[in-house]
Amino acid sequence: MNIENLLDLVKTYNASEVEIIKKAYDYAKYLHDGQMRQSGEPYITHPLNVAYILAGMHADRDTLCAALLHDTLEDTNISKEDIAENFNKTIANLVDGVTKISKLNTSSKTDLNIANTRKIILGLTTDVRIIIIKLADRLHNMRTLQYKSEFKQKENSLETMEIFVPLAYYLGAYRIKQELEDLSLQYLKPEVYQNIAEQKLKIEADSNNCLQEMLKSIDNLLFEEEIKHEIKVRTKNIYGIYKSLEKGHKLSDIHDLLALKIMVENIKECYVTLGLVHSLYHPINSRFKDYIVSPKTNMYSSLHTTVFGPNEKLVQTQIRTFEMDKIASFGLITYWDLNKGEARVKMQEDLKEKYQFFKSLQDINEMFRDNKEFVNQIKQELFTDKVYVYTTKGDTLELPKGSTIVDYAYKIHTLIGHTMVGALVNNEIVPLGYVLQNKDRVRILTDELSFGPKEEWLNLAKTSNARRKIREFNRKN
Ligand code: MN
């Protein structure tokens, strides 16, 4: 990998701005001159790879320059002002942001580290690109972890699972998330990883004929119908399989171990394609999911249908538009491509409006002065398992696992919480302490003349949002 590779890649989507990127590379190379990585390579290979990962996601000019310079403030003796003068203020701010959060270490509990964790998390609120650069930085460090000590390998892998994997998930960057998961598992549980990897290879080899046969049949049919398309075989990542096995599934029963991914040009064609697939292969109705009508909380959209393929083999088929596929791979980062120019602003705006993660983050930030409490709350609410339920409108709502009706009501609206008198889940009346399960359909019953939240609701609420609102109400009344 060299600078020419990077520039060639950038030229495929942004030919007019390669000069400044070359300049950032030369500057970083000069500054890091003489420094080596533990692999024995010159240090510059690291920032270069980080920039390459980002260019693969069509990052904008400032992000790429900042990626190339991301370790210069920490490892060389230039200042933020030097970068601003030689390049621009935005690049300087990005590098500074990445530097501030890079000393993050969640496994040790000193106050400084905790304060740093808060910064990394709040980095999202100032400029989300800081977090995206940090993710790429972590990805390259994980890819080259074999040169570190065993202790460091385990420590970094744990931290990756705790902080960076959830961040990648919240931004919808599945591709980065899956690679980070697999790399971490490889160091945390080497035998388990090896074992699954081998079995997976075997199953893939066994299923290859079946999948190729399906791929050809569907390909032909779509061709006849003149629907422009692309079909790919997608395999679940090792960590995903590991999680399914942990839940007690057998490897042979994991229905989405192998999937066919069909991409078409628009939403109408998605549904037409769904019908065509079903005309060839019989679906299992219970496994049909329409994430186009109800996208996941991180904006993932697609149709999922599991069908009986050749030899009665169960195969999951995912149908989506090319644009949805980009979002599925890179999440929020896709905006770089879809909205050239104002991409940055749009990313930051959409983060506020569409991504539920971000709203909870702001809530928690407003509530906790103390860094330690803030970080604990974040870990408890955002970086733990989630439960997904449906509102009466059919929207999906995400809550921390263990959340109750009280949490749900306050997440919908403060007034709904304050006037709640009861609740229905899947058309049955439930107590307010009912713990929500995936796919529950929840309806809150309200009465304007209700007495308001009771003191004991505090014990039923799990989220800080609900608790705070109940306390506020009680203080005022
Ligand atoms: Mn770095």
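Residues numbered from 1 in each chain as written. Predicted model: local features only at pLDDT ≥ 70, side-chain atom pairs only at ≥ 80, totals over all residues. Heavy atoms only, no water.

### Let's talk about the coordination of the manganese ion
Then comes step 1: For the manganese ion, every protein donor is listed as His46 (NE2), His70 (NE2), Asp71 (OD) and Asp137 (OD), and the spread of their distances is 2.2 to 2.5 Å.
Then comes step 2: Written as a sequence motif, the donor arrangement for the manganese ion is H-x23-H-D-x65-D. Of the two residues, aspartate 71 sits in the loop between helix H4 (61–69) and helix H5 (72–75) while aspartate 137 sits in helix H9 (residues 128–143), which places them 66 residues apart along the sequence.
Then comes step 3: We classify aspartate 71 as buried; its relative accessible area is 9%. (Donors = N, O, S within 2.8 Å, 3.2 Å for Na, K, Ca; no water. Helix = DSSP H or I, 4+ residues; strand = E, 2+ residues; numbered from the N terminus. Buried < 20%, exposed > 50% of the residue type's maximum accessible area, 1.4 Å probe, protein only.)

### Things to note about the pairing of strand S6 (residues 386–390)
Then comes step 1: Two elements, S6 and strand S7 (residues 396–400), share 5 bridges in a ladder whose sense is antiparallel. Looking across to S7, one finds that tyrosine 390 is bridged to threonine 396.
Then comes step 2: Hairpin remark: S6 followed by S7, antiparallel, with 5 residues in the connecting loop; positive phi at glycine 394, about 90 degrees. (Pairing = 2+ DSSP bridges.)

### Brief notes about the sheet that holds strand S1 (residues 229–235)
Then comes step 1: As summarised here, the arrangement of the 5 strands in space is S1-S2-S5-S4-S3, forming an open sheet in which the pairing is mixed. At either margin of the open sheet sits one strand with a lone partner, and together these are S1 and strand S3 (289–290).
Then comes step 2: Note: S1 against strand S2 (residues 258–264), 7 bridges, orientation antiparallel. Within S2, the residue paired with histidine 229 across the bridge is valine 264.
Then comes step 3: Docked against the sheet, helix H14 (residues 267–280) engages S2, S3, strand S4 (303–308) and strand S5 (314–321), running at close to 160 degrees with respect to S5.
Then comes step 4: Each of S1, S2 and S5 is contacted by helix H15 (residues 322–330), which is oriented at about 110 degrees to S5, the strand it contacts most. (Contact = heavy atoms within 4.5 Å. Axes fitted to C-alpha atoms, helices over the stretch in contact; angles between N-to-C directions.)

### Remarks on the packing of aromatic side chains
Then comes step 1: For the structure shown, the criterion picks out 5 aromatic pairs.
Then comes step 2: Taking the centre distance of 5.8 Å and the plane angle of 45 degrees together, the rings of tyrosine 27 and phenylalanine 87 count as tilted. Taken together, the residues span a long stretch of sequence, with tyrosine 27 in helix H2 (residues 18–31) and phenylalanine 87 in the loop between helix H6 (80–86) and helix H7 (89–101) at a distance of 60 residues.
Then comes step 3: Judged by relative accessible area, which is 12%, phenylalanine 87 ranks as buried.
Then comes step 4: Aromatic rings pair up to connect Tyr169, Tyr174, Tyr291 and Tyr300 into one cluster.
Then comes step 5: Directly above the aromatic system of phenylalanine 87 lies the positively charged group of lysine 23, at a separation of 4.8 Å from the ring centroid. (Phe/Tyr/Trp six-rings, centres within 6.5 Å; stacked < 30°, edge-to-face > 60°. Lys NZ or Arg CZ within 6 Å of the ring centre and 35° of its normal.)

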